Amino acid sequence: MSAAPLPAALVPLRCKNPDCTLPQQGGCARQAEFSQPLSNCPDLLRQAERAAGAGPSDPNQGRREEPEEKNPDADGGAAPWSGRSLMSEDVADMLWRRPARLLAIAGPIDAGKTSLLVSFFLQLSAGQCKDLPYRFASSKSLLELQQLMKRVEDGLRQRTPSGGSGTLLDHTPLDGDEEDPSRFIHLGLRPRNEEDDRHIDLLISDMSGELFTQYGEVAEDGENERLSILRRCDGFLVMVDAGKLVSPEWRKAEADLSDLITRLVDLKRGGAHLQTVGLVFSKFDQVIDQVMPPQPPARLARDHWGILKRCNRLWQQLEAAAAVGLDVGVFPVAAFPLHPTERQPIGVESVLCHFLNRVDRRRLQRVVEPPVPVGASPFETMRRWKEVS
Amino acid sequence: MDEAKIKQVKDELLKLVKQSGVTKAEANTEKMDVLIRAAGDWLTKDLDAEFRSVQILHLNTSIPGVHQRKCLESVWNRIQVDWEEVGLEAADVLPLQLVLSALVRCNVENLTYSDVASVLFHHGPYCGLDGKSIQVVGWMRAHYSGAGDLGIPPADEDQPGFAAVETQSNFLWWGQAKYSHQSRVSFRTYKDKDEQLWRVASEAADWGHLLAVAPSSAWVQEILLSLGQDLDETKTLWQWIELTYPVIQKVKGEVQEPLNALATEDCLLLPVTYLRLDLARKLDRTTMAKEVGVDLDGKLDRGEWAAWIYREMVLEARMTRGMS
């Protein structure tokens, strides 16, 4: 079948195919189909399309139109990522296509979820995560992270040496879009292991604390439909302001947290993908005079946590989580410590190390090369070696 | 420099001397005292001292005629002000290296030394240094490990805010877009991988010169990786130089002052700057090996070569524009 001649391509060249580099003197992404892409590739923008739009004879009729901005190299076009946080559908798409790891940071309002996220990003992108077996490789949410950093910066400026209320950030507002209130920050990670050349997408939930409160309180699945993506999470970090657990109102904080962990245990029992749960005591620098955190090997034992061991329900739920096969960790963290001499984040890296070490276990296959004797045929040698082994 | 500081430097020097094999008696000579006072004065007052002292620390004392290198000239002129009769010999270079190490470790220079010139400590392993000099450079590298790393949040109470972090965000954003602001095209359009590497690494210095060098050079390598470059491709330094020389001639970027003048005098440790200056107007291995003082047979992969180019461009940017 001979294709009808197409109108002349626009100059400068512009292509709808995101993989095409023809406009930059590269190659046509569909070179296998169209040997003369300038005259017959339907992805190139052409004179008639621009003047009259796609008409009935348009060879693209019926095809899904890709937005022009998808081409990352088109001059004047936008980047293929907006820099904003990702929505559920982007995340679902990413989970299908690439090695992606999904982490939800859960906890009540003002637990410090966003601060932890910002602090981790700052450390990672500045190359300060020496123990993390990954380094920063990309982010589709840079703009969002910049805005979060701005909020942290403003919070730091206003923070008094005493810490005031202990709140660094205005809490993350609930999105107006009720259909999809879930937002995710994307971080691309590259393993430090030179034999591992993957680009791993780490997706971290950046959701309002109110949502998680509802998530813990409401047991019916239908009510939590909009948080369905969380069922696909590899791990949960359950965060609580350590100051609230040592305050007189500790029972309320403990109850909220226990409900949340109960839901996670139920999720796991229901067959969810969840692998790890981390309990993060945030703003720990503010309670350090009341509770001295134990060394990592002893952190799962409640007896080592001083006053915090009184949270019976919480520790019981953690034990229940471990019993259903979840990998449990407990972490004292100060994302932005108050004390002037300790302005560096404390414990942030270890939380993410715990998560990634659990959810990104990968055994690399050793490359086996049969020795080929001098003058022998490599194929013959390989066949014999295979038969023997 | 007051007497207390001199005593502190001498104590530090004795610690270094003990490890380097130089005797205590040698360390306590009058000549050593002169070296400490004069070199200390030079470090605090001479604008080029910061850069030159790193070069001096990387001098291979086993090479004949090493004491005649131009990088020693300014410090030795200063020493001769205090002691006219002193004559520079090859045997004086190691004591001078020890004194400079002790001075810097005692923060005598009190300059932005660590920010600007620490970039060059990454080139040390290629200098073919002998035992004692390796120790000296090793101490310095240990002293500056992590130099220039960002504090989060900034440790300086007088400078609240995330100025450096904003620079870092812009650097990340630039790298991810893979768009050359200098050439106004995507880096993908450069089909010659060596030209692409050069353009990415050199332009990156514009964006990243205020940032810590190790993580920012890792980011440069990540950009190249995402552009499809094979970062594991290994060649000798000379082979990389041969591949890059035509690109540099094509691009024709001038070396900015003050690095231009300093490197024209003595280009020790700076093969990329040497190529850019093109003083010999041709690529001659023997001349270049002598001028830059690094082992041209040393092997490094494409990623390491990109990082090397980036570091020299960062040095130039820091020396020209400063650290603020």
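Computed from a predicted model, the values in this text were never measured in an experiment.

Draft legend 1. Focus on the overall build of chain B. When helices and strands are counted, chain B shows 16 helices and four strands. Across the 324 residues that make up chain B, the buried fraction comes to 53%. At a minimum sequence separation of 6, the contacts of chain B that also span at least 24 residues come to 76%. Total accessible area computed for chain B in this model is approximately 13,700 Å², and 48% of it derives from carbon and sulfur atoms.

Draft legend 2. Seen up close, the overall build of chain A. Along the backbone of chain A there are 11 helices and seven strands. Relative to its 389 residues, chain A shows a buried fraction of 49%. In the form shown here, chain A has an accessible surface area of approximately 19,800 Å², with 51% of it arising from carbon and sulfur atoms.

Draft legend 3. Representation of a negative patch on the surface in the model. Together, Glu194(A), Glu195(A), Asp197(A), Asp230(B), Asp232(B) and Glu304(B) give the surface a local cluster of negative charge. Within the secondary structure layout, Asp230(B) lies in the loop between α11 (213–226) and β3 (234–236).

Draft legend 4. Geometry of the pattern of salt bridges. All names here are of chain A. Applying the stated rule across the entire model yields 23 salt bridges over all chains. Where Lys252 meets Asp256, a salt bridge forms, and the shortest distance between an N and an O atom there is 2.8 Å. Separated by four residues within a single helix, Lys252 and Asp256 lie in helix α8 (residues 250–269), roughly one turn from each other. For Lys252, a relative accessible area of 55% corresponds to the exposed category. Through salt bridges with shared partners, a single ionic network connects Arg101, Asp196, Arg198 and Asp360.

Draft legend 5. Just the confidence of the model for chain A, in detail. Averaged over chain A, the pLDDT score is 75; the fraction of residues at 70 or greater is 70%. Contacts for the low-pLDDT stretch residues 49–78 of chain A, under 50 throughout, to residues beyond four places or in other chains number 37 contacts.

Draft legend 6. Representation of unusual backbone geometry. Residue and element names in this part refer to chain B. That bond from Glu257 to Pro258 is cis: its omega, 5 degrees, falls within 30 degrees of zero. With respect to the secondary-structure elements, Pro258 resides in the loop between α12 (237–251) and α13 (259–265). The backbone phi angle of Lys252 is positive, close to 55 degrees, even though this residue is not glycine. Structurally, Lys252 is set in the loop between α12 and α13. Overall, Lys252 belongs to the exposed group, its relative accessible area being 66%. In this structure, Leu269 takes a positive phi of about 80 degrees despite not being glycine.

Draft legend 7. The confidence of the model for chain B, seen in detail. All names here are of chain B. Predicted confidence across chain B gives a mean pLDDT of 80, with 81% of residues reaching 70 or more. Averaged pLDDT values over the elements of chain B bottom out at 57 in helix α7 (residues 113–116) and peak at 94 in helix α10 (residues 193–208). Interface confidence for the predicted complex, given as ipTM, is 0.76, next to a pTM of 0.75.

Draft legend 8. Structural context of the sheet that holds strand β7 (residues 327–332) of chain A. Residue and element names in this part refer to chain A. Reading across from one edge, β2-β3-β4-β1-β5-β6-β7 is the order of the seven strands in this open sheet, with mixed pairing throughout. The sheet terminates laterally at β2 (134–138) and β7, the two strands that pair on one side only. Each adjacent strand pair in this sheet contributes to an overall mean axis angle of 25 degrees, direction not counted. Two strands pair when backbone bridges link them, and β2 and strand β3 (residues 184–191) are joined in this way by four bridges, in the antiparallel orientation. In the strand pairing of β3, Tyr134 is matched with Pro191.

Draft legend 9. Representation of the packing of aromatic side chains within the structure. All names here are of chain B. Within this structure, the stated rule accounts for 12 aromatic pairs over all chains. Ring geometry for Trp174 versus Phe187: centroids 5.8 Å apart, planes at 90 degrees, classification edge-to-face. Here Phe187 lies in the loop between β2 (185–186) and α10 and Trp174 lies in helix α9 (residues 163–177), a separation of 13 residues in the sequence. We note that Trp174, like Phe187, is buried. A centroid spacing of 6.4 Å and a plane angle of 45 degrees characterise the contact between Trp305 and Trp308, whose relative ring orientation is tilted.

Draft legend 10. Fine view of the side chain of Arg299(A). All names here are of chain A. Positionally, Arg299 belongs in the loop between β6 (276–282) and α9 (312–323). Although Arg299 lies buried, it forms no salt bridge, and the closest oppositely charged side chain, Asp131, sits 11 Å away as judged by the N-O distance. The residues touching Arg299, leaving out its near neighbours within four places in the chain, are Pro294, Trp305, Trp315, Val330 and Pro332.

Draft legend 11. Spotlight on helix α3 (residues 30–45) of chain B. A rise of 1.5 Å per residue sets the reference length of α3(B), with its 16 residues, at 22 Å; its end C-alpha atoms lie 23 Å apart and thus fit the reference within 8%. All of the buried residues in α3(B) are Met32(B), Val34(B), Leu35(B), Ile36(B), Ala38(B), Ala39(B), Gly40(B), Asp41(B), Trp42(B) and Leu43(B).

Draft legend 12. Structural view of the nonpolar core. Counting residues in each nonpolar core, the largest one holds 131 residues, and the members touching the most others are Leu202(A) and Trp305(B). With nine residues, helix α16 (residues 302–321) of chain B is the largest single contributor of residues to this core. When neighbours within four sequence positions are excluded, Trp305(B) is seen to be in contact with Leu197(B), Leu237(B), Trp240(B), Ile241(B), Thr244(B), Val272(B) and Leu300(B).

Draft legend 13. Region of interest: the side chain of Asp194(B). Secondary-structure assignment places Asp194(B) in helix α10. Excluding its chain neighbours within four sequence positions, the residues that come into contact with Asp194(B) are Trp240(B), Leu243(B), Val247(B) and Arg302(B).

Draft legend 14. Expanded view of the pairing of β3(A). Residues and elements named next belong to chain A. Summarising burial for β3: eight of the eight residues are buried, a large majority. Of the two faces of β3, the one holding Phe184, His186, Gly188 and Arg190 and the one holding Ile185, Leu187, Leu189 and Pro191 are both buried throughout. Relative to strand β4 (residues 200–205), β3 runs antiparallel, the two being bridged by six bridges. Following the sheet pairing, Leu187 is matched in β4 by Leu202.

Draft legend 15. Just the pairing of strand β5 (residues 235–241) of chain A, in detail. Residue and element names in this part refer to chain A. Among the seven residues that make up β5, seven are buried, leaving the element largely enclosed by the rest of the structure. Neither face of β5 is exposed, since Gly235, Leu237, Met239 and Asp241 on one face and Phe236, Val238 and Val240 on the opposite face are all buried. Of the strand pairs in this sheet, strand β1 (residues 100–106) and β5 are connected by four bridges, and their pairing is parallel. Looking across to β5, one finds that Ala104 is bridged to Phe236.

Draft legend 16. Structural view of the packing of α10(B) against α16(B). All names here are of chain B. Running from N to C, α10 and α16 point in directions that differ by 35 degrees, and their axes come no closer than 8 Å. Note on packing geometry: the crossing formed by α10 with α16 is right-handed. Packed against α10, whose contacting residues are Lys193, Asp194, Leu197, Trp198, Ala201, Ser202, Ala204, Ala205, Asp206 and Gly208, the element α16 presents Arg302, Trp305, Ala306, Ile309, Tyr310, Met313, Val314, Ala317 and Arg321 at the interface.

Draft legend 17. How the structure looks around the environment of Gln80(B). Following the sequence through the fold, Gln80(B) ends up in helix α5 (residues 73–82). Taking the relative accessible area as the measure of exposure, Gln80(B) reaches 29% and is therefore partly exposed.

Draft legend 18. Region of the structure containing the packing of α12(B) against α16(B). Residues and elements named next belong to chain B. Close contact between α12 and α16 brings their axes to 11 Å; oriented N to C, the two are set at 65 degrees. On the basis of their axis angle, the class for α12 and α16 is roughly perpendicular. Remark: the crossing between α12 and α16 carries right-handed chirality. Facing α12, whose interface residues are Leu237, Trp240, Ile241 and Thr244, α16 presents Arg302, Trp305, Trp308 and Ile309. When the residues that make up the contact of α12 with α16 are grouped by side-chain class, the tally is six nonpolar, one polar and one charged.

What counts and what doesn't
- Residues numbered from 1 in each chain as written.
- Chains lettered and ligands numbered in written order.
- Predicted model: local features only at pLDDT ≥ 70, side-chain atom pairs only at ≥ 80, totals over all residues.
- Heavy atoms only, no water.
- Helix = DSSP H or I, 4+ residues; strand = E, 2+ residues; numbered from the N terminus.
- Buried < 20%, exposed > 50% of the residue type's maximum accessible area, 1.4 Å probe, protein only.
- Contact = heavy atoms within 4.5 Å.
- Areas by Shrake-Rupley, 256 points an atom, 1.4 Å probe, with all protein chains shown as cover.
- Patch = residues over 30% accessible without salt bridge, like charges linked within 9 Å, V, L, I, M, F, W, Y side chains within 5 Å.
- Salt bridge = Lys/Arg side-chain N within 4 Å of Asp/Glu carboxyl O.
- Lys, Arg positive; Asp, Glu negative; His and termini not counted.
- Charge placed at Lys NZ, Arg CZ, Asp CG, Glu CD.
- pLDDT = per-residue confidence, 0-100.
- Pairing = 2+ DSSP bridges.
- Axes fitted to C-alpha atoms, helices over the stretch in contact; angles between N-to-C directions.
- Phe/Tyr/Trp six-rings, centres within 6.5 Å; stacked < 30°, edge-to-face > 60°.
- Expected span 1.5 Å × (residues − 1).
- Core = buried A, V, L, I, M, F, W, Y, C linked by side-chain atoms within 4.5 Å.
- Left-handed = near helix turned anticlockwise from the far one by under 90°.
- Parallel < 35°, antiparallel > 145°, perpendicular 65-115°, else oblique.
- Nonpolar A, V, L, I, M, F, W, Y, C, P; charged D, E, K, R; others polar.

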